[in-house]
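# Understanding the architecture of this molecule
The chain contents come next:
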Amino acid sequence: MKVSITFDRLRWEEKALSEAAEAAGVEATLVDSKGLIFEVPKKHPDLGDVVLQRCISHYRSSILTLMLEGAGLKVINSHDVAERCSNKLATSIALANAKVPTPRTFLALTSEAAEEAADKLGYPFVLKPFTGSWGRMVTVVRDRSTLQSLIEYKEELANPQEQHMYYLQEFIRRPPRDIRAIVAGDNIVACVYRIAPPGEWRTNVARGAVSKAFKPDTELKEIILKAAEAVGGGILGVDAMEPESGYLVHEVNNTVEFKGAQSAVDTDIPAQLIKYVSQVARR
Amino acid sequence: MNTSCTECGATLAVPNDAIVGELVSCKDCSQEYEVAEISNGSVLLKPAEQVGEDWGE
């Protein structure tokens, strides 16, 4: 069995996955995607039985996965899953359709409609970009004048999707932490709290959040696995919150980072992920 | 393996176990590089890509 781990920025995670594969006796090659060339539809470099897609750039990852699948290769995660996870609206739709508890969410296609949607949702709410990660540009909007200022800023953006369209989500009152579950297939590999640093409401590790291990209860386990299934399954990072009313899943990440979680748990996360990759390769 | 920072000229020490694709930063000016090639104990660096709007998980 031969596995390729494609990357465009070699982080701790990709090196750990490569080392875990070696330890498991799986032949795995780190492949810099920036140097790959394909001739449509079938001529491609030898990338083995399965490709573990780990590009940090969403668009590069998406295009590369599209090409790899088009060439007949098996990719983790699939293009469908990647697209569903990398667009927050697509994730929200998948979660809601699968009846996974998720915050109330609105889409508005103009600035005027955004103000109307905000009135329906109520202040404060959270304004998020459709595509993006690490909590970047995720903003709590506390009143109409703040929204109007944000609209002015958004209209100056170069990206048409973010310039004219609005993803608004209910602001959830929760402890200063959220839950990150790392899922591989139908297995919850690790589960941690991500505790926001002082002065920051966002709980992204990229924003300085600290991870702390915890054991999910049966209800949360079911919700996590249902959320992973709702987006199509694979290796995923499911993010949930715990308001008093019950668990809510707000995001599912396609190229999950796990350095923070690994610092908090005993489970060998990369070893578990490679085990899943091996299972998929044998199918 | 030592080389020079093209930005500020400081000596850049690249670990001997570095692999192609790995990132190294200049301790003096923080310029980030990617290891492009390693051969016969010498290392070739190229400037690393800058953080993009679509980067993330």
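The preceding data block contains the structure.
Residues numbered from 1 in each chain as written. Chains lettered and ligands numbered in written order. Predicted model: local features only at pLDDT ≥ 70, side-chain atom pairs only at ≥ 80, totals over all residues.

### Concerning the environment of Thr6(A)
All names here are of chain A. One can find Thr6 in strand E1 (residues 2–7). Each C-alpha atom of the pair Thr6 and Ala281 lies 16 Å from the other, and the pair is 275 residues apart in sequence. When near neighbours in sequence (up to four residues on either side) are disregarded, Thr6 contacts Val31, Ser33, Val51, Gln53, Arg54, Cys55 and Leu64. (Helix = DSSP H or I, 4+ residues; strand = E, 2+ residues; numbered from the N terminus. Contact = placed C-beta atoms within 7 Å.)

### Here's the deal with unusual backbone geometry
All names here are of chain A. In the segment running from Val40 into Pro41, the intervening peptide bond is cis, with an omega of 5°. Looking at the element boundaries, Pro41 is found in the loop between strand E2 (27–32) and strand E3 (50–53). Between Tyr123 and Pro124 the backbone carries a cis peptide bond, its omega angle lying at -5°. Following the sequence through the fold, Pro124 ends up in the loop between helix H5 (111–121) and strand E6 (125–128).

### Details of the pairing of strand E9 (residues 177–184) of chain A
Along a regular strand, successive side chains alternate from one face of the sheet to the other. Residues and elements named next belong to chain A. Where burial is concerned, most of E9 is hidden: seven out of the eight residues are buried. Pairing of E9 with strand E10 (residues 187–195), which is carried by eight bridges, proceeds in the antiparallel orientation. Residue Ala181 lies in a different strand from E10, and its bridge partner there is Cys191. Connecting E9 to the antiparallel partner E10 that follows it, the hairpin turn spans two residues, and Gly185 within it adopts a positive phi of roughly 65°. (Buried ≥ 20, exposed ≤ 12 C-beta atoms within 10 Å, placed from the backbone. Pairing = 2+ DSSP bridges.)

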